[in-house]
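These are the residues of each chain, in order.
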Amino acid sequence: MINKQLLRPDSIVVVGASNNVHKPGGALLRNLLGGHYGGQLYAVNPKETEIQGVRAYPTVHDVPPADLAVLAIPAAACPDAVEVLAGEKGVKAFIILSAGFGEETHEGAELEQRILRTVEAHGAALIGPNCIGLLTRWHHSVFSQPIPQLHPQGVDLISSSGATAVFILESAVTKGLQFNSVWSVGNATQIGVEDVLQYLDEHFDPERDSRIKLLYIESIGDPDRLLFHASSLIRKGCRIAAIKAGSSESGSRAASSHTGAIASSDSAVEALFRKAGIVRCFSREELTTVGCVFTLPELRGRNFAIVTHAGGPGVMLTDALSKGGLNVPKLEGPLVEELKSKLYPGAAVGNPIDILATGTPEHLRLCLEYCEEKFDQIDAVLAIFGTPGLVTMYQMYDVLHQKMQTCRKPIFPILPSVNTAGAEVADFLAKGHVNFADEVTLGTALSRVLNAPRPANNEIELFGVDVPRIRRIIDSITTDGYLPPYQVQALLRSAGIPVVDECASIKKDELLAFARRTGFPVVAKVVGPVHKSDVGGVVLNIKTEQHLALEFDRMMQIEGATGVMVQPMLKGTELFIGAKYEEKFGHVVLCGLGGIFVEVLKDVSSGLAPLTYEEAYSMIHSLRAYKIIRGTRGQQGVNEDRFAEIIVRLSTLLRFATEIKEMDINPLLGTERHVIAVDARIRVEKRKAD
C-alpha cells in the first residue's frame, strides 16, 4: 500500500535520531536536512532535547502526530513503537531501517509479522525492514551516501537490497546519471518490487513522470504482476532494465541469506524479461550504463560510426558492437574522401574515423556533421575522446555538448580520462550529459538494448490447434510420468505440429512390415529409457530387414525397454524445442539446435508460454547458432517460418495442458521446406495440476 503520507509527508518523525552522523538515525536526519525537506521534523531520542537543530522527544508517546515515521532502533523495539505511532499518533507510513528480522531468525520473522499486522490494521504503508530507506525529490529518507542529482526525468530505481542500491548509485553518479527516486524495499514485508512497479504504472503521468526504471530484484514473488506492469509501462513509453540476482544455485544461497528470497529458474527469468520487454543486465555497471543509454534519443537502427583520436579504443569498441550483432559499416566513396581532405594527413575515415591525437575540436565538429548530414547509412555516433595530459579538453567537450543538443542522431560520449581530464569531464556532466568511460561496457549495453524485444501482446494463437482434442487426450491419462509414444504423437498432431511416421511395438513382425511399407533406410529407437543414446538405444541408417531384426533383438534386452520404435530415416538440420513448468511462472519454452548440441553448446533461448509469432522469431534470432538456421557457407538453411510456427503451437498446447510438466522435441529435422518432429517425450503430473 503506497500512499500520500509515504510519498509526500507533511511531517516526519525519526525514531532513533542521533547527533552522530555515522549512525543510521544520525545520517538519515542529516540527509533529510541536507535535502531541504519542507515539512515538520521531529526526533526521538531519550538522551537529547535537540538533535542537529531538530527538537527531540524522549519516547514515541511524546511526539506530536505525524504522517511518516522512520525507525532506526533495534528490531525488538520496533513493534511496540509502530503500535504507538500508528494507534496514537496517526502515522500512516513507516520506513524501518533496522535489521534483525525475518532475514536472520524465526523470532525476527515473528516481529516482522507483528509489525505487518499493525500497519495493515491502521491502513498504513510500510517500507522495509532491513533497508536504506526511500529517496525522493520530496524527502531524503535514507541514511546512505551518495545522494545523486535528483530530476523529474531522472531514473526511478527499485532495489531489493539496500547495499546494492548504494553501489548502483555509486556507479551511476560517476556517469552523470540523474535520479527521480530510489526505493529500497529490503525484506518487502508489505511493499515489494512488484508493488512499487504497479504503483508507478497505475499512476503514470506522461507529462511529469520519469520514463526510465532500473530494477535490482532478488525474488520475483508474483511474475504475472511484474510482467503486466512492466510491459504496461513500456507500452506507455517507459524503458526498463533489470538485474535478477540469485539465478544460479550459489547465487540463490547468497540472495536467501540477505532477504529470505528464493531464486527463480534463470530460464524462467529470461523468458519473463523477454516477454515484458525488459532489458536484462548482469552487473551494476551494465545496469547503470543501460540507464545512461536510455537517457539519450532512442536508437532507430544498428549502424554506428566511431569518431575518435585513439585507434585502440575504436577497435575494441568495434569488436564489442560486432559481438552483439551491431554494425560498424565501412565508409567509402566521394563524401568520405571529401571529409578526409579536411583532416590532417594520416587521418583514417573508413570507420572508425580516427582524426589522430593532434585532431582539433573543429575536426570533431566536421566528423559529427558528416555523420549526421551526409552519411545516411549511419544511425548513431560514438565519440571517444580522452587526453594524455598534454592539453585541456574543454573545447573538444564543448563541441560534443553543442552537437548533442542539435543532432537528430544519437551521439554517445566516451570520455575515458576521468582523472587526467577530471575537471573537463565534470564540466561536461554538469551540463546535464552522461559519460560512458569504458567503450566495451557501452558496446555491450547497446547490444542488450537493441536486442531486447518489444513487450508481447496477450493474445493466444489458436489457429491450427485442436484444443478440445488436446483436453480429451489429457483427461484420458490416468497415471503420472512419461507418456507412451502414441499419446505423444496424438498430442503433437492435435497441436498441428508435423510428426514423422512411426511404429512402436513389441512385435518384430509389425516393425518389419512398417519398414517395408515406408521404405529403407530407417531408424530404430528403444522405447522406455529416457536417454536412449546413453544406453545404445538409437541406431541410424538401417538399410535391410535383417539388420532391423538384429537391432530389435538387441534393444529388447536393454534394461527398461518396453518396445522398439521404427521411423523412416530423414535428413535435415537438427533442431530442439523443450518446455518445463516453473512454479509461479508457468511453462518456459526453450529452442535451439538439436541433437547433442543442446547439452554441448547450451545455446538455447527461452520464452514464456503462450508465445506470439513475434516472440518466437525473437527467440530464434537471439541464438548464437542463428547463422546455421539461416544457412551459411553454401549449406541449406531451415524454414524459419515453420520453426516459429511449431514453437508457437507448442506454447498453445502447453497453455491448455498445464498437466504437462516437462517435454522436449529433440530432434526436429529442418530443411528449406519443412520442419518435422522426429523424437519427443512428454511428462505429466495430473495430481499436482493447477
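Presented here is a report on the structure given in the accompanying data block. Just so we're clear, the structure is a prediction, and the values are computed from it rather than from any experiment.

## As for the overall build of the chain
Move 1: What the chain contains, in helices and strands, is 24 helices and 29 strands.
Move 2: With respect to the three principal axes, the spread of C-alpha positions in the chain is 100 × 75 × 35 Å.
Move 3: For the chain, with 690 residues in total, the buried portion stands at 55%.
Move 4: The contacts in the chain between residues at least 6 apart in sequence include a share of 70% that link residues at least 24 apart.
Move 5: Accessible surface computed for the chain: about 29,500 Å², of which carbon and sulfur atoms make up 51%.
Move 6: Looking at the chain, you have 69 positive and 79 negative side-chain charges, and the mean spots of the two groups are 3 Å apart.

## Brief notes about the pairing of strand β18 (residues 411–414)
Within a regular beta strand, the side chains point alternately toward one face of the sheet and then the other, so they alternate between its two faces.
Move 1: The two faces of β18 match: Ile 411 and Pro 413 on one face and Phe 412 and Ile 414 on the other face are all buried.
Move 2: The sheet contact formed by strand β17 (residues 380–384) and β18 spans four bridges and is parallel. Bridging across to β18, Val 381 finds its partner in Ile 411.
Move 3: The parallel pair β17 and β18 is bridged by helix α14 (residues 394–406), and the resulting crossover is right-handed.

## A look at the side chain of Glu 218
Move 1: Tracing the backbone through its elements, the reader meets Glu 218 in the loop between β12 (212–217) and α7 (223–235).
Move 2: This buried residue, Glu 218, is left without a salt bridge; Lys 244 holds the nearest opposite charge, at 8.3 Å.

## A word on unusual backbone geometry
Move 1: With omega at 10°, the peptide bond leading from Asn 351 into Pro 352 counts as cis.
Move 2: As for its placement among the helices and strands, Pro 352 is situated in the loop between α12 (334–341) and β16 (353–354).
Move 3: The omega torsion of the bond from Asn 666 to Pro 667 falls at 10°, within 30 degrees of zero and hence cis.
Move 4: Positive phi is not limited to glycine here, since His 36 has a value of about 55°.
Move 5: Looking at the element boundaries, His 36 is found in the loop between α2 (24–34) and β2 (40–44).
Move 6: His 36 gets classed as exposed once you look at its relative accessible area, which sits at 71%.
Move 7: Here Leu 356, not a glycine, exhibits a phi torsion of approximately 75°, which is positive.
Move 8: Tracing the backbone through its elements, the reader meets Leu 356 in the loop between β16 and α13 (361–373).

Cut-offs and rules
Residues numbered from 1 in each chain as written. Predicted model: local features only at pLDDT ≥ 70, side-chain atom pairs only at ≥ 80, totals over all residues. Heavy atoms only, no water. Helix = DSSP H or I, 4+ residues; strand = E, 2+ residues; numbered from the N terminus. Buried < 20%, exposed > 50% of the residue type's maximum accessible area, 1.4 Å probe, protein only. Contact = heavy atoms within 4.5 Å. Areas by Shrake-Rupley, 256 points an atom, 1.4 Å probe, with all protein chains shown as cover. Lys, Arg positive; Asp, Glu negative; His and termini not counted. Charge placed at Lys NZ, Arg CZ, Asp CG, Glu CD. Pairing = 2+ DSSP bridges. Right-handed = clockwise from strand over helix to strand, strands pointing away. Salt bridge = Lys/Arg side-chain N within 4 Å of Asp/Glu carboxyl O.

Interpretation in functional terms is not warranted from these geometric data alone.
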